[in-house]
Amino acid sequence: MTFDSLGLPNALVKALSKEGYTKPYPIQSQAIPAILDEKDVLGIAKTGSGKTASYVLPILANLQNKPEPKNRHIQALVLVPTRELAVQVFETFKLFSSALRSPIKSLAVFGGASINPQMIQMQGVRILIATPGRLIELKESNAMNLGEVDVFVLDEADKMLNLGFKEEMDKILSFLPKQRQNLLFSATLNKEIDGINRLILKQPVEIKIEEEKDAIDLIDQSAYLVLDEQKGPILRYLIKSQELKQVLIFTSTVYKADQVAEKLTKNGIEAQATHSKKSQRARTVALADFKSGKLRVLVATDLLSRGIDIEFLPVVINYELPRSPKDFIHRIGRTGRAESPGKAITFVTKDELHHFKVIQKKMGKWIKLTYTDDLDLHGF
Ligand code: AMP
């Protein structure tokens, strides 16, 4: 699947490739064609699934074919629960809009910042990203017109409800025209979200993105009982004998990450460490090289694992166990894909056996432990 085949305009496809988005994430391959087709969408997906681009791209594509509205008449309204998300969504609109022949102006508005500059900046805005309270304030000051909104997005709807925004949401709905496209995104589908679904969506295309826990079943997992001093040779043995490519290794400390990467390099296996002590530039370069296949092994700490934007990894090696089972699941989650299951290999020392049991119990999955006495590590 490519972005090209989803029906997006060329300018956006080019911008995606420039940004390093090589292929659509599952939510994107399902949501983009539906949104381009002006259908309503219910997307059950968490942050990190690529949900933002899944609506930003088709909204831009559709808007660029529509005539420019009167000044301060909003065509796309995105309601978000927090200032952080507002800024993040705005940045994504700005980034991809700048690739269009006629960029479409967007603006993020949220509370906790003074209202006057936001009113002035409303000039020429066609896409508005807003938190509920500030949106109502601006509307009541006649800062913009919401009577011609073509597409309404409710992002992180579950969080919106948790934060107690239900009343504001209802009020905002009363500002909007009856005839419009609606997109609802939520991390979970519970009774309340289903209530909103029934209230605002019309025959929506429903998209549910697999949870990490479901993905666990699709991973080929193995574990080795090792002595601490054997970890290095066993790691090299596995990488070489199984011809592993694109291996992400996790350690629990920065020091260890550096040490593992250095040892691998010395032994002829291209490796780099990435962690909080490295400069942003060094991290970006290491990740880009790793993604493109130039770098065979990336060694990371947990702190950074959430920032590693890779949808699918063929191999993850837990050189050291993480303290929390959640981190363990997060580390290996990206290797579980129906179309090409990846591998997760875990090193366990005798002292860690109990902790490893706790992790397996939380994960709901038992992994066969391989003893390493019989491995011939000579030369590794
Ligand atoms: P989101 O779930 O929208 O918060 O997106 C999570 C992260 O994934 C963001 O940092 C995006 O830049 C990145 N991202 C989204 N889609 C893709 C893609 N198709 N390829 C690579 N990175 C992506």
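Residues numbered from 1 in each chain as written. Predicted model: local features only at pLDDT ≥ 70, side-chain atom pairs only at ≥ 80, totals over all residues. Heavy atoms only, no water.

Caption draft 1: Summary view of the environment of Glu19. By the element assignment, Glu19 lies in the loop between helix H1 (10–18) and helix H2 (26–36). Note on Glu19: relative accessible area 36%, which makes it partly exposed. Dropping the residues within four chain positions of it, Glu19 is found in contact with Leu95 and Phe96. (Helix = DSSP H or I, 4+ residues; strand = E, 2+ residues; numbered from the N terminus. Buried < 20%, exposed > 50% of the residue type's maximum accessible area, 1.4 Å probe, protein only. Contact = heavy atoms within 4.5 Å.)

Caption draft 2: Representation of the sheet that holds strand S2 (residues 76–79) in the model. Read from one edge to the other, the open sheet built from seven strands follows the order S3-S4-S2-S5-S6-S1-S7, with strand pairing classed as parallel. Where the open sheet ends on each side, the last strands, each with one partner, are strand S3 (106–109) and strand S7 (205–208). The sheet shows a mean angle of 10° between the axes of neighbouring strands, direction not considered. Sheet topology note: the S2/strand S5 (residues 151–154) ladder contains four bridges and is parallel. Residue pairing across strands places Val78 opposite Val153, the latter belonging to S5. Packed onto the sheet, helix H4 (residues 83–97) meets S2, S3 and strand S4 (127–130) and runs at close to 175° relative to S3. Sheet strands in contact with helix H9 (residues 191–200) are strand S1 (41–44), S5, strand S6 (181–186) and S7, and its direction is about 175° off that of S6. (Pairing = 2+ DSSP bridges. Axes fitted to C-alpha atoms, helices over the stretch in contact; angles between N-to-C directions.)

Caption draft 3: Structural view of the pairing of S4. Going residue by residue along S4, you find Ile127 and Ile129 tucked away on one face and Leu128 and Ala130 tucked away on the opposite face as well. Bridge count between S2 and S4: four bridges; the pairing is parallel. The residue of S4 that forms the bridge with Ala76 is Ile127. As paired strands, S3 and S4 are joined by four bridges and run parallel to one another. Residue pairing across strands places Ser106 opposite Ile127, the latter belonging to S4. Once you follow S3 into helix H5 (residues 115–120) and on to S4, the crossover reads as right-handed. (Right-handed = clockwise from strand over helix to strand, strands pointing away.)

Caption draft 4: Representation of the packing of helix H15 (residues 325–333) against helix H16 (residues 353–363) within the structure. Running from amino to carboxyl end, H15 crosses H16 at an angle of 65°, the nearest separation of the two axes being 9 Å. Here H15 lies roughly perpendicular to H16, going by the angle between them. Crossing hand, H15 versus H16: right-handed. Here H15 contributes Pro325, Phe328, Ile329 and Ile332 to the contact with H16, which in turn contributes Phe356, Ile359, Lys362 and Met363. (Parallel < 35°, antiparallel > 145°, perpendicular 65-115°, else oblique. Left-handed = near helix turned anticlockwise from the far one by under 90°.)

Caption draft 5: Just the domain arrangement of the protein chain, in detail. Segmentation of the protein chain into domains returns domain 1 (3–208) and domain 2 (216–371). For domain 1 and domain 2, the distance between their C-alpha centres works out to 36 Å. (Domains from an automatic or database assignment.)

Caption draft 6: Local environment of the nonpolar core. Membership of the largest hydrophobic core comes to 44 residues, with the highest contact counts inside it found for Leu8, Tyr55, Phe93 and Ile129. Per-element accounting of this core gives the leading share, eight residues, to helix H3 (residues 51–63). When sequence neighbours within four positions are dropped, the list of residues in contact with Ile129 reads Val78, Val80, Ala86, Val89, Phe90, Phe93, Ser106, Leu107, Ala108 and Val109. With 34 residues, the next largest nonpolar core counts Leu42, Ile136, Leu184 and Ile193 among its residues. (Core = buried A, V, L, I, M, F, W, Y, C linked by side-chain atoms within 4.5 Å.)

Caption draft 7: Quick look at the site of the ligand. Around the ligand, the surrounding shell holds 13 residues, and the nearest of these are Tyr21, Gln28, Gly48, Gly50 and Thr52. For the ligand, the protein covers 82% of the area, taking 500 Å² as the surface of the free molecule. Within the shell around the ligand, the residues separate by chemical class into three nonpolar, seven polar and three charged. (Near = heavy atom within 4 Å. Areas by Shrake-Rupley, 256 points an atom, 1.4 Å probe, with all protein chains shown as cover. Nonpolar A, V, L, I, M, F, W, Y, C, P; charged D, E, K, R; others polar.)

Caption draft 8: Broad picture of the environment of Glu84. Tracing the sequence through the fold places Glu84 in helix H4. The exposure class assigned to Glu84 is exposed, which follows from its relative accessible area of 56%. Separated by 46 residues in sequence, Glu84 and Glu38 place their C-alpha atoms 28 Å apart.

Caption draft 9: Focus on the sheet that holds strand S10 (residues 271–274). Strand order in this open sheet of seven strands is S10-S11-S9-S12-S13-S8-S14, and the pairing throughout is parallel. Looking at which strands have only one partner, the edges of the open sheet turn out to be S10 and strand S14 (369–371). When strand polarity is set aside, the average angle formed by the axes of neighbouring strands in this sheet is 25°. Note that strand S9 (residues 247–251) and strand S11 (residues 297–301) share five bridges and pair parallel. Across the sheet, residue Thr251 finds its bridge partner in S11, namely Thr301. Packed onto the sheet, helix H11 (residues 231–241) meets strand S8 (220–225), S9, S11, strand S12 (315–318) and strand S13 (343–348) and runs at close to 160° relative to S13.

Caption draft 10: Representation of helix H12 (residues 254–266). Across its 13 residues, H12 extends 19 Å between first and last C-alpha, which sits within 8% of the 18 Å expected from 1.5 Å per residue. Within H12, the full set of buried residues consists of Ala257, Val260, Ala261 and Leu264. Down the axis, H12 shows its buried residues gathered within 95° of arc, on one side only. Exposed residues on H12 whose side chains face more than 90 degrees from its buried face are Tyr255, Glu262 and Lys266. Contacts made by the buried residues of H12 are with H11, S9, S10 and S11. Trailing H12 by a residue or two, Gly268 shows a phi angle of about 85°, which is positive. (Expected span 1.5 Å × (residues − 1). Arc of directions from axis to C-beta.)

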